[in-house]
Amino acid sequence: MDGGWIRRLMADTRYVVTGWPLALVSFTVAFFGLLFGIGAVVVVGIPIFISSLYALRSFAERERRRIEAVLGVRIPRPVYKEPPPDAGALRRLLNPMTDPMSWIDLLHGSVMVWPASLTFLVVGLWWLNAIFGSLYWAYGWLGPTSMNQTLLNVGLGLLCLLTLPLVARGCAQSQARLSRLILSGVAELQERIFGLEAERTTLVAQRDSAVSAEAVALRRLERDIHDGPQQRLVRLALDLGRAEKLFEADPQAARRAVAEALTQTEETLGELRALSRGIAPPILTDRGLVAAVGAIAGRCTVPVALDATDLSGRPEPTTEQAAYFVVTEALANVAKHSRATGCSVTLRRSGESLLATVTDDGVGGAHLAKGHGLAGLSDRARAAGGTLTVHSPPGGPTTITAELPWQ
Amino acid sequence: MAVTLRVVIADDAVLLREGLVRLLEENGHRIVAAVGDGPSLVDAAVTERPDLSIVDVRMPPSHTDEGLRAAVEVRSRIPGSPVLVLSQYVELSYADDLLADRMGGVGYLLKDRVAKVDDFLDTLVAVAGGATVLDPEVVAQLMVHRRSQEPLRSLTKREQKVLALMAEGCSNASIARRLVVSESAVEKHVSNIFMKLELYPHEEQHRRVLAVLAHLRGA
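Time to look at the overall build of chain A. Counting its regular elements, chain A contains 12 helices and five strands. In chain A, buried positions account for 36% of the 407 residues. When contacts within chain A are restricted to residue pairs at least 6 apart in sequence, long-range pairs at least 24 apart make up 69% of them. Of the accessible surface of chain A, which amounts to about 22700 Å², a share of 66% is contributed by carbon and sulfur atoms.

On to the interface of chain A and chain B, then. Counting from both sides, the interface comprises 16 residues of chain A and, opposite them, 21 residues of chain B. Linking chain A with chain B are four salt bridges. A salt bridge links Asp-118 of chain B to Lys-245 of chain A; the shortest N-O distance between them is 2.9 Å. The interface formed by chain A and chain B contains seven residue pairs in polar contact (both at pLDDT 80 or more). Secondary structure elements with two or more residues in the side of chain A that touches chain B: helix 7 (147-249) and helix 8 (251-279) of chain A. Residues of the side of chain A that touches chain B, tallied by class, amount to four nonpolar, five polar and seven charged.

All names here are of chain A. Read from one edge of the open sheet, five strands run 1-2-3-5-4, paired in mixed fashion. This sheet does not close on itself; its edge strands, each paired only once, are strand 1 (304-307) and strand 4 (387-391). Looking at each pair of strands side by side, their axes are set apart by 15° on average, direction ignored. Across eight bridges, strand 2 (residues 343-350) lies against strand 3 (residues 353-360) in antiparallel orientation. Residue Val-345 lies in a different strand from strand 3, and its bridge partner there is Val-358. This element, helix 11 (residues 317-338), spans strand 1, strand 2, strand 3, strand 4 and strand 5 (398-405) of the sheet and lies at about 5° to strand 3.

The next thing to look at is the pattern of salt bridges. Within the structure shown, the criterion is met by 31 salt bridges over all chains. Note that Glu-352 of chain A is salt-bridged to Arg-349 of chain A, the shortest N-O span being 3.4 Å. Across the salt bridge formed by Arg-75 of chain B and Asp-101 of chain B, the nearest N and O atoms sit 3.0 Å from each other. With Arg-75 of chain B in helix 3 (residues 66-77) and Asp-101 of chain B in the loop between helix 4 (92-99) and strand 5 (106-110), this pair connects stretches of sequence that are 26 residues apart. Under the relative-accessibility criterion, Arg-75 of chain B is labelled buried at 4%. One salt-bridge network, in which partners are shared between bridges, spans Arg-235, Asp-239, Arg-242 and Glu-260 of chain A together with Arg-22 and Glu-26 of chain B.

Below, the discussion takes up the nonpolar core. Core analysis: the biggest nonpolar cluster contains 54 residues, and Val-85, Tyr-108 and Leu-163 of chain B have the highest contact counts within it. The element contributing the most residues to this core is helix 8 (residues 157-168) of chain B, with six residues. Three or more residues apiece are contributed to this core by two domains, here domain 1 (6-134) and domain 2 (139-217) of chain B. Counting 34 residues, the second-largest nonpolar core is a separate cluster that includes Leu-331, Leu-354, Val-358 and Trp-406 of chain A.

Glancing now at the environment of Arg-22 of chain B. You can see Arg-22 of chain B is positioned in helix 1 (residues 14-26). Other than its neighbours up to four places away in sequence, Arg-22 of chain B contacts Arg-235, Arg-242 and Glu-260 of chain A. One polar contact links Arg-22 of chain B to Glu-260 of chain A, side chain to side chain, over a distance of 2.6 Å.

This part takes up the sheet that holds strand 2 (residues 30-35) of chain B. Residues and elements named next belong to chain B. Read from one edge to the other, the open sheet built from six strands follows the order 2-1-3-4-5-6, with strand pairing classed as parallel. Here the strands that pair on one side only, and so sit at the sheet edges, are strand 2 and strand 6 (132-134). Geometrically, the sheet is characterised by an average inter-axis angle of 15° between neighbouring strands, direction not taken into account. Sheet strands in contact with helix 3 are strand 3 (52-56), strand 4 (83-87) and strand 5, and its direction is about 175° off that of strand 4. Here helix 4 sits on the sheet in contact with strand 4, strand 5 and strand 6, set at roughly 160° to strand 5.

Thresholds, definitions, all that
Residues numbered from 1 in each chain as written. Chains lettered and ligands numbered in written order. Predicted model: local features only at pLDDT ≥ 70, side-chain atom pairs only at ≥ 80, totals over all residues. Heavy atoms only, no water. Helix = DSSP H or I, 4+ residues; strand = E, 2+ residues; numbered from the N terminus. Buried < 20%, exposed > 50% of the residue type's maximum accessible area, 1.4 Å probe, protein only. Contact = heavy atoms within 4.5 Å. Areas by Shrake-Rupley, 256 points an atom, 1.4 Å probe, with all protein chains shown as cover. Salt bridge = Lys/Arg side-chain N within 4 Å of Asp/Glu carboxyl O. Polar contact = N/O pair within 3.5 Å; in protein donor to acceptor, adjacent residues only side chain to side chain. Nonpolar A, V, L, I, M, F, W, Y, C, P; charged D, E, K, R; others polar. Pairing = 2+ DSSP bridges. Axes fitted to C-alpha atoms, helices over the stretch in contact; angles between N-to-C directions. Core = buried A, V, L, I, M, F, W, Y, C linked by side-chain atoms within 4.5 Å. Domains from an automatic or database assignment.

Shown next as structure tokens:
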């Protein structure tokens, strides 16, 4: 025992003992507010009723704090309705009446007085008994008393003293639970729904990012096909057509055209290879992220130091892909814009996340604003359920970090 | 065939542009300008007044239908200036933009058609001469639209083929060559088609194409 039960007992007692006058005031306010609201003249009655609602709201607020203290849990604050922004004065005045929460406050104010009276009575009696009973021997002799009476009083007093913490706890808890049920049952439900909605919003955002990342990737793929292999194949066809036409008149020229066609074929194959590497690099699927990033790091025009020593095992394919593309794009940006002389790529696992970091010693000033390549990267990371952060003060260095779910 | 055309070529893909330049020069045409974007095409066409402009649809800066819009612009500045538009894809609505001025001297072909060098060269000369030539794929899109329609079903298989070739801009002679029949046989098919579809026979090639297109479109 460290005396914690004393503090507990005092807290419970305080809750119950102060709860009763508070409940009494609340009840009075609720009663008269309602009385005026229903009975009296509208012009006077309604404003009085509404002010009583506001008063009850503040009582309810205080009660929530008290419940938190005595039950040791967090109570969600309900969302009171704001009047619509274009509301007139009357609408603003009447606003609390349209809010279900106000009526719950009113209910709380009207009913809590009864259980509060009961617990107040019980806890009060127990305290009195505990004090005056167990001390009976000290003052009992002042009046006519017998030994039996003294024993009985002291016995009862000690019993009350022993059970006091339990009784106080029980009363405080039942009162607080009832109060909580009325005051925040709705709010707790509300909070759960908000939680679900927030989750859904995140999912929707994630899906939107995926869609936009995919749309951008597809558009780029189409452009790449159009500008690359397609043009080359047309040229190839043209050269072959020319050769066919030239064979008889000018075999030399025909041979040259065929040679050109051959070059076109080789270059088309090369371009297709690069393109398929861009879509789903075979090395990534075959050998994993470290090997794939090692390969692009080797091709980068800026020297890249790759550190993946902490990375063991392979994350989800979607995470691998996202990480690969973030690193690829980041390196492409480094090569294109940063004027860096060196850069480092770090891949490591941190708990349930894969952290992919690309840092360069370039000029900095990169940001996530729309229209920059980095926005696409951010979409990509979000689509995989992760986040992308960019730290790039003017003058550098630039650090891009993708945090992606491992599983 | 010793026609020498003065040609402007507009294509941002250098590779293809050079190929076209070489092909045309080998066949006796003269390239007066080879440019890589829409505005340059309009400038070149206005200053050079070429016999024909060959235009790629997709060019910078927008990389969408820049070339098509430039071609329309050229024809609004110099009415009837012959334009052959090449594209990686053909779309009916793009063809509509080109045909809207009903002046003739319009071609709209898939880029792939350059491989059939002789046909391609013929097309150049035809368009420069005021013909309207559409890619078989465009016509196919139209035919698909209208295949189920009553008057078209009254045509025989052969007549449908002839109709498609007419829509592409073929003359009776070239239809005869492609279908390996006599020219008089083609003439008979054509007059049958015109009768069945209640079309008014046009002498001028591009008017005939427009009439056939209008019919296929159901206008």
